[in-house]
Amino acid sequence: MYIGIDLGGTNIAAGIVDENGNIICSKSVPTESERPTEEIVRDMAELSKQLIAESGTEHEEIKGIGIGCPGTIDFEKGEVVYSNNIPMAHFPLAEHFKKYLNLPVKVDNDANCAALGEYTVNGGGADCFLFITLGTGVGGGLILNGKIFRGFNGAAIEAGHITLISGGEKCTCGKEGCWEAYASVTALIRDTRRAMEQYPESMMNTIAERDGKVSGRTAFEAAKNGDEAGQKIVEQYARYIADGIVSCENFIQPEIISIGGGISREGDYLLNPVRDYVSANGFNKFMPKSRIVTAKLFNDAGIIGAAMLVK
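Criteria and thresholds
Residues numbered from 1 in each chain as written. Predicted model: local features only at pLDDT ≥ 70, side-chain atom pairs only at ≥ 80, totals over all residues. Heavy atoms only, no water. Core = buried A, V, L, I, M, F, W, Y, C linked by side-chain atoms within 4.5 Å. Buried < 20%, exposed > 50% of the residue type's maximum accessible area, 1.4 Å probe, protein only. Contact = heavy atoms within 4.5 Å. Helix = DSSP H or I, 4+ residues; strand = E, 2+ residues; numbered from the N terminus. Expected span 1.5 Å × (residues − 1). Arc of directions from axis to C-beta. Pairing = 2+ DSSP bridges. Axes fitted to C-alpha atoms, helices over the stretch in contact; angles between N-to-C directions.

**Q** Is there a simple way to explain the nonpolar core in this structure?
**A** Side chains of nonpolar character tend, in soluble globular proteins, to be buried together. Counting 41 residues, the largest nonpolar core has Ile132, Tyr237 and Ile245 as the members making the most contacts within it. If near-sequence neighbours (up to four positions away) are discounted, Ile132 is found in contact with Val138, Gly139, Gly140, Ala159, Trp179, Ile257, Ser258, Ile259 and Gly260. Counting residues in hydrophobic clusters, the runner-up holds 29 residues, among them Ile12, Ile65, Leu101 and Val107.

Right, dumping it as structure tokens:
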């Protein structure tokens, strides 16, 4: 057995996971990321202890703990080099965790962990597996020959920061025109709001008023009900996703490209136009093409992948 911890800006989620990637039990607590990091580490350890106690698992059965954390990670040292979502800089996370629970600890980027989790359960043993998550930003992880590809410095793969449109929308990284600035759910919400202002008669306005907010699903619900402005936003969003995937496919040629994040629950309604565009516009016209699939694990991917770091 292993423990996987997904450290997010909103919640700390943890689970006991077997060697096949099955979650035996799981729990979560609020992160409260504004407080001192040491308190967050303590809560991560306490959550792990609770899981062991409540599951009836013997301490000796737990072979190690994996932690997925946002930011740039030194995997060999177990150190968070830099994280802005949960403010940390050169913080030895593994070392601090062991003060509370003395087990082997591995730390990696949260998107890498999600990629490894999705690969473990749904990768089908692919030699090259690319995971893209669409959420607040656009994250990515690449699995080559069953192992996470981290680059020489541990900073790969920041797929969301490939340039989609030179001089385009401002990205949170400080650059302009990043894929993340167009294909993230944050960007989708921004573009939905702009369309709502331009088309006040659009069903999107009614949906947002009913829900009390504009969400990533606002345009999709309107589009499915025949709203032309909503359909335009969905078509544009799918095109932004597809343009980035074409670049990834041209460069890496992965066997499988798995799309995750909450918006991926739209399934084929979102991915079919993405697949059509990628198929028509990828450079490769003569060899087998990447298979684009919807991720299946959603919030469990980070827990399972973090646990698999230890394995």
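**Q** Which parts of the structure should I look at to understand helix α1 (residues 37-55)?
**A** At 3.6 residues per turn, the α-helix brings residues three or four places apart onto the same side. For α1, which comprises 19 residues, the first-to-last C-alpha distance of 27 Å matches the rise-based estimate of 27 Å (1.5 Å per residue) to within 8%. Those residues of α1 lying buried are Thr37, Ile40, Val41, Met44, Ala45, Leu47, Ser48, Leu51 and Ile52. For α1, the arc enclosing every buried residue in end-on projection is 150 degrees, short of the 170-degree limit, so these residues lie on one face. For α1, the exposed residues set more than 90 degrees away from the buried face come down to Ala53 and Glu54. On the buried face of α1, the contacting elements are β1 (2-7), β2 (11-17), β3 (23-30), β4 (65-69), β7 (88-91) and α2 (93-98). Looking one or two residues beyond α1, the residue adopting positive phi is Gly56, at roughly 75 degrees.

**Q** Any chance you could explain the sheet that holds β1 here in plain terms?
**A** Strands pair in a sheet through their backbones, by hydrogen bonds, and they do so in one of two ways: parallel or antiparallel. The mixed open sheet is built from five strands, whose spatial order is β3-β2-β1-β4-β8. Lying at the two open borders of the sheet, with one neighbouring strand each, are β3 and β8 (105-109). Recorded for the sheet is a direction-independent mean angle of 15 degrees between the axes of neighbouring strands. Across four bridges, the pairing between β1 and β4 is parallel. Within β4, the residue paired with Ile3 across the bridge is Ile65. Here α1 sits on the sheet and contacts β1, β2, β3 and β4; the angle it forms with β2, its principal contact strand, is near 35 degrees. Across the sheet, helix α3 (residues 110-122) lies against β1, β4 and β8, angled at about 100 degrees from β8, the strand it touches most.

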